[in-house]
Structures are given as C-alpha cells and as structure tokens.
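The residues making up each chain are set out below.
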Amino acid sequence: MAEQREATTARLVGIIASIKIERKNGLLRVRRGEGLTSEEGVLIFIQGQITQANVGRRNGAEALNWLSTWGQAQYVFTDPQTGEVLDLPSAGLPLCAPDGSALHAGPGTTQAHTDKLETEQLPRPDPEVPRSCVELGEATTRIERSGLPRAHRRLYLLIDGHRSIYDLEPLIGRKAAEVRSMLHDLEWLGIIRIAAPPN
C-alpha cells in the first residue's frame with residue numbers, strides 16, 4: 001500500500017460513506033498506527049455497496065463496524081482490475097463536536113457512517129445514543145435536499161439525546177441494523193452525532 005498515493009482522513013467513516021453515496025466501484029485499502037500498533041483493512045465496493053470487509057482477524061460486518069470507529073487513517077481507493085488510484089469527493093459538510101455543537105470539516109473529512117453488510121447480521125454492541133447537532137429547521141432542510149426517504153425525517157424527529165439505537169427500533173418499526181444505517185445517513189449530513197450512552 002505504501003507505494004501507492006495515500007490520502008489521510010480524520011474520520012475513516014466519512015470516506016466509506018462518500019463511496020457509498022457516490023455508488024462507486026473499487027477497492028479501499030486503509031491503515032492506521034505504526035509498528036506493533038498498526039492495523040490494515042480492505043473494503044470492496046460494487047455500486048457503492050460493500051461486498052467484502054476485512055481487517056486483521058475481523059471479517060464482514062464485524063470488520064466494517066471496527067473500521068467505522070477509526071479516526072485518523074491513511075487510505076487509497078483503487079480500481080481492482082488496473083490498480084489505478086481513483087479520486088474521492090470531499091463533501092465538506094459540518095461535523096459535530098463531542099458536546100453536540102457543529103464543527104466545519106476540512107478537506108477530505110466528511111462526517112458519515114456506512115451501511116451494514118447486506119449478507120451479515122450486525123452484532124449488538126453497547127447501545128449508542130444519537131444526538132442532534134443542528135436546529136430542527138436546518139436538519140429538515142438538509143434531509144429534503146439530500147433526497148433521503150421521508151422515514152429519515154421521521155427518525156430524526158424521534159431523536160432526543162436519550163434514546164439508543166435499540167430504543168428507536170420499535171418506535172420506527174424497523175430492525176436495529178436498518179435504524180443504524182439510517183442514522184449513519186443522518187450523521188453524514190452533519191445533523192446528528194452518534195455517541196456513547198449518557199451516564
């Protein structure tokens with residue numbers, strides 16, 4: 001990987017989401033850390049859908065969930081046939097700070113999460129709590145402009161900073177993995193932040 005032109009991101013999940021949103025095909029190689037603490041992973045995309053995910057001994061949805069927690073990382077996105085490096089767009093959407101306030105993203109740092117692997121069941125981790133980052137009017141405007149389905153707006157309206165992903169599941173009538181995917185779309189828009197549950 002080192003011989004190819006790498007880029008750096010402050011949040012790997014944003015790169016994954018940009019490939020998903022743009023429905024790109026290719027192979028994303030990622031790495032973080034140095035020496036004994038280094039980790040490398042590979043994601044294969046077809047029309048923006050992740051068909052394979054590997055990092056260390058993790059595979060499938062487990063690998064994808066792990067990669068989605070990475071902050072600073074190096075990556076290169078290539079055509080698997082030719083090895084040619086493919087460009088990725090930088091959305092420049094606002095990010096949320098840990099306190100829920102909005103930050104502005106620098107080049108190449110998009111706030112996003114990614115879809116589940118369609119063929120695998122996501123594990124049930126400790127509950128995560130989505131929190132709103134922007135005013136209601138701004139949030140609904142961004143959802144409408146993004147072209148996301150109406151269910152995303154309904155989900156946003158259920159977010160109160162206390163309900164976990166699993167609390168939202170019965171309220172919106174969808175499975176946890178689907179709710180997680182929808183929340184990650186909202187996170188990509190910069191209108192929510194998914195955080196650990198409050199003490």
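Here, the structure is the one placed above.
Residues numbered from 1 in each chain as written. Predicted model: local features only at pLDDT ≥ 70, side-chain atom pairs only at ≥ 80, totals over all residues. Heavy atoms only, no water.

Participant: What's the story with the pairing of strand β4 (residues 49–55) in this structure? I'm lost.
Facilitator: Along any regular strand, the residues point their side chains to alternate faces of the sheet. Bridge count between strand β3 (residues 39–46) and β4: six bridges; the pairing is antiparallel. Bridge pairing in β4 links Val-42 to Asn-54. Where β4 and strand β5 (residues 58–59) come together, two bridges link them in antiparallel fashion. Bridge pairing in β5 links Asn-54 to Asn-59. Count of turn residues in the β4/β5 antiparallel hairpin: two residues, of which Gly-56 carries a positive phi of about 60°. (Pairing = 2+ DSSP bridges. Helix = DSSP H or I, 4+ residues; strand = E, 2+ residues; numbered from the N terminus.)

Participant: When you look at unusual backbone geometry in this model, what are you seeing that I'm missing?
Facilitator: As a rule of thumb, non-glycine residues mostly have phi less than zero, and peptide bonds are mostly trans rather than cis. For Arg-23, which is not glycine, the phi torsion reads 55° and is therefore positive. On the secondary structure map, Arg-23 appears in the loop between α1 (12–21) and β2 (26–32). One non-glycine residue, Gln-47, adopts positive backbone phi at about 50°. Looking at where Gln-47 falls in the secondary structure, it is placed in the loop between β3 and β4. Assessed through its relative accessible area of 45%, Gln-47 is described here as partly exposed. (Buried < 20%, exposed > 50% of the residue type's maximum accessible area, 1.4 Å probe, protein only.)

Participant: Sorry, what's going on with the side chain of Glu-39 here?
Facilitator: On the secondary structure map, Glu-39 appears in strand β3. Polar contacts involving the side chain of Glu-39 include one to the side chain of Arg-32, which spans 2.9 Å. Reaching out from Glu-39, the side chain makes a polar contact with the side chain of Trp-66 at a distance of 2.8 Å. When sequence neighbours within four positions are dropped, the list of residues in contact with Glu-39 reads Val-30, Arg-31, Arg-32, Arg-58, Trp-66 and Trp-70. (Polar contact = N/O pair within 3.5 Å; in protein donor to acceptor, adjacent residues only side chain to side chain. Contact = heavy atoms within 4.5 Å.)

Participant: Explain the nonpolar core to me, please; I cannot follow it from the model alone.
Facilitator: Grouped burial of nonpolar side chains is what soluble globular proteins tend to show. By size, the foremost hydrophobic cluster in this structure holds 22 residues, and its most contacted members are Leu-155, Tyr-156, Leu-183, Leu-186, Ile-191 and Ile-192. Of all elements in the fold, only α3 (136–146), α4 (150–158), α5 (165–172), α6 (176–188) and β10 (192–195) reach the threshold of two or more residues within this core. Here the element with the most residues in this core is α6; it accounts for five residues. Other than its neighbours up to four places away in sequence, Leu-155 contacts Leu-168, Ile-172, Val-179, Met-182, Leu-183 and Leu-186. Listed in part, the 18 residues of the second largest apolar core include Ile-19, Ala-63, Leu-67 and Tyr-75. (Core = buried A, V, L, I, M, F, W, Y, C linked by side-chain atoms within 4.5 Å.)

Participant: Which parts of the structure should I look at to understand the pairing of β3?
Facilitator: Judged by which residues are buried, β3 turns out to be one-sided: Glu-39, Gly-41, Leu-43 and Phe-45 face inward and are buried, whereas Glu-40, Val-42, Ile-44 and Ile-46, on the alternate face, are not. In this sheet, β3 lies alongside β2 in antiparallel orientation, the contact comprising seven bridges. Counterpart to Leu-27 in the pairing with β3 is Ile-44. In sequence, β2 turns back onto β3 through a hairpin of six residues, with Gly-33 there showing a positive phi of about 80°. Between β3 and β4, which pair antiparallel in sequence order, lie two residues; one of them, Gln-47, sits at a positive phi of approximately 50°.

From the geometry alone we can't say anything about function, so treat these as descriptive.
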